[in-house]
Amino acid sequence: MEKCDMGFLGIFKKKTKEVSALEKRILELKNKRINCVYQDFSEFVMDMELDSSHTGKLKPVNYYALKNKYIEAHYFYSADYKECYVKFTAYENDKAFDKSRIFEISTETLLKAFSKVGIIIKLDDNTENG
């Protein structure tokens, strides 16, 4: 039988999760969360794997209107909107039950998603879209 060296309170130690370079990077970016009408989450994520502009097909919803089951889109973006990412989490009764990986999206896709909730961003002519 192997000896387990956990110490007196070793059972309460938090396990350190390895954080990727991308996860570290998005912590430095601006972010915005948008709640959307629920649809089959695994199917939606598979569609995102094929085409990251699929995020535009989500319909935003007021949290209080549909709080029993929804998808939260968490957008991360740089100040000049040239670096944009999104991560999705499915919620049911205010508890997360599924998460997607982080997807890189185009500036145009981000601006379209924001415009659906009334956030209109006009970029300078010198700024490239996506």
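Note that this is a predicted model, so its numbers are computed, not measured.

Conventions we followed
Residues numbered from 1 in each chain as written. Predicted model: local features only at pLDDT ≥ 70, side-chain atom pairs only at ≥ 80, totals over all residues. Heavy atoms only, no water. Salt bridge = Lys/Arg side-chain N within 4 Å of Asp/Glu carboxyl O. Helix = DSSP H or I, 4+ residues; strand = E, 2+ residues; numbered from the N terminus. Buried < 20%, exposed > 50% of the residue type's maximum accessible area, 1.4 Å probe, protein only. Pairing = 2+ DSSP bridges. Phe/Tyr/Trp six-rings, centres within 6.5 Å; stacked < 30°, edge-to-face > 60°. Lys NZ or Arg CZ within 6 Å of the ring centre and 35° of its normal.

Asker: Explain the pattern of salt bridges to me, please; I cannot follow it from the model alone.
Answerer: One side chain can pair with another of opposite charge once the charged atoms of both are near each other. Following the criterion strictly, the structure yields five salt bridges and no others. Across the pair E83 and R25 runs a salt bridge, and its minimum N-O distance is 2.7 Å. Taken together, the residues E83 in the loop between β2 (69-77) and β3 (84-92) and R25 in helix α1 (residues 21-26) connect sequence positions 58 residues apart. Linking E108 and K112 is a salt bridge whose minimum nitrogen-to-oxygen distance equals 3.2 Å. Within this pair, E108 and its partner K112 are both found in helix α3 (residues 107-115), separated by four residues, close to a single helical turn. Overlapping salt bridges bring together R25, E28 and E83 as one network.

Asker: What should I look at first to understand the pairing of β2 in this one?
Answerer: Each regular strand displays side chains that alternate between the two surfaces of the sheet. With eight of nine residues buried, β2 is to be regarded as a mostly interior element. Direction of pairing for strand β1 (residues 30-37) relative to β2: antiparallel, over a ladder of eight bridges. Following the sheet pairing, I34 is matched in β2 by A73. As defined by bridge partners, β2 adjoins β3 across nine bridges and the pair is classed as antiparallel. By the bridge assignment, I71 is partnered in β3 with A90. Between the antiparallel neighbours β2 and β3 lie six residues, among them Y81 with a positive phi of about 65°.

Asker: Looking at this structure, how should I read the environment of N35?
Answerer: Assignment of secondary structure puts N35 in strand β1. Separated by 37 residues in the primary sequence, N35 and E72 have C-alpha atoms spaced 4.4 Å apart.

Asker: Just to check I follow, could you spell out the packing of aromatic side chains for this structure?
Answerer: The relation between two aromatic rings is expressed through the spacing of the ring centres and the mutual angle of the planes. Within this structure, the stated rule accounts for seven aromatic pairs. Note on F44 and F88: the rings are 4.8 Å apart at their centroids and 90° apart in plane angle, and the pair reads as edge-to-face. One end of the pair, F44, is in helix α2 (residues 41-50); the other, F88, is in strand β3, and 44 residues separate them in sequence. Neither F44 nor F88 differs from the other in exposure class; each is buried. Pairing Y70 with Y91 gives two aromatic rings, centres 5.1 Å apart and planes at 15°, and the pair type is stacked. With Y70 in strand β2 and Y91 in strand β3, this pair connects stretches of sequence that are 21 residues apart. Of the residues examined, Y91 reaches a relative accessible area of 17% and is grouped as buried. Clustering of aromatic rings is evident, with ring pairs tying together Y75, Y77, Y81 and F114. Sitting over the ring of Y38, K69 keeps its end group 4.5 Å from the ring centre.

Without other data, these values stay purely geometric and don't point to any function.
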